[in-house]
Amino acid sequence: MSDEAPDSLIPYDEIVQEALRAVVGRVLGEIQANGSTLPGNHHFYITFKTGAPGVSIPQHLRERFPDEMTIVLQNKFWDLGVDEHGFTVGLSFNQMPAKLDIPFAAITAFVDPAVDFGLQFQATVADMAPEMHDDAQNDAPEPGGEEAVEKKDDGSNVVTVDFGRKK
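This report concerns the structure included in the present document. (Residues numbered from 1 in each chain as written. Predicted model: local features only at pLDDT ≥ 70, side-chain atom pairs only at ≥ 80, totals over all residues. Heavy atoms only, no water.)

**Section: the pairing of strand 2 (residues 68-73)**
Thinking step 1. In terms of burial, strand 2 is largely enclosed, as six of its six residues are buried.
Thinking step 2. Of the two faces of strand 2, the one holding Glu-68, Thr-70 and Val-72 and the one holding Met-69, Ile-71 and Leu-73 are both buried throughout.
Thinking step 3. Bridging between strand 1 (residues 44-49) and strand 2 involves six bridges; their strand directions are antiparallel. Within the sheet, the bridge partner assigned to Phe-48 lies in strand 2 and is Met-69. (Buried < 20%, exposed > 50% of the residue type's maximum accessible area, 1.4 Å probe, protein only. Helix = DSSP H or I, 4+ residues; strand = E, 2+ residues; numbered from the N terminus. Pairing = 2+ DSSP bridges.)

Right, here's the structure in full:
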């Protein structure tokens, strides 16, 4: 008897990844439906592959983040649009407005630190290894705005799905 699991003819890992990315779409869709107002202290860190098909970001951001980028949806964002394939959002980087188009398939992480919730995804861009990068540092809240939420590193409520795909 072999200790290795047989190769599945059903792509379970892809199905689960797609379902979890739908969670991101539903959350963002509900925010859009409520006038793009985040309830309570909720805010989102969204990490995505900048080179993934369908990602549209300004050239200066692509040069600064050639592999992966993290954006924050909290106080200063506008024109949130969500469809079945991805989302668009306006953000400011060093007081320069920018429109970003991000397919759900490009997202590698979604975190809501207000409730210690996070999802991590396998990159769907063929074998792109994640590289170290700085956060995008889109503009911070206005002085006197919301206080920073402490981030817990205990991993609770973070769902990571990795079926150990054989190569």
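Still to come is the rest of the account.
**A look at unusual backbone geometry**
Trans peptide bonds make up the majority, and among non-glycine residues the majority have a negative phi.
Thinking step 1. Positive phi, close to 50°, is recorded for Asp-79, a residue that is not glycine.
Thinking step 2. Its location among the elements puts Asp-79 in strand 3 (residues 78-82).
Thinking step 3. Even without a glycine there, the phi angle at Gln-95 is positive, about 60°.
Thinking step 4. Among the structural elements, Gln-95 can be located in the loop between strand 4 (86-93) and strand 5 (96-103).

**Structural notes on the nonpolar core**
Thinking step 1. Among the nonpolar cores identified, the biggest contains 31 residues, and Ile-71, Phe-87 and Leu-100 are the most heavily contacted of them.
Thinking step 2. Where this core is concerned, the elements lending two or more residues are helix 1 (12-33), strand 1, strand 2, strand 4, strand 5 and strand 6 (107-112).
Thinking step 3. The residues contacting Leu-100, other than those within four sequence positions of it, are Phe-48, Ser-56, Ile-57, Met-69, Ile-71, Phe-87, Thr-88, Val-89 and Phe-93. (Core = buried A, V, L, I, M, F, W, Y, C linked by side-chain atoms within 4.5 Å. Contact = heavy atoms within 4.5 Å.)

It is worth stressing that arrangement in space is one thing and function is another; only the former is reported here.
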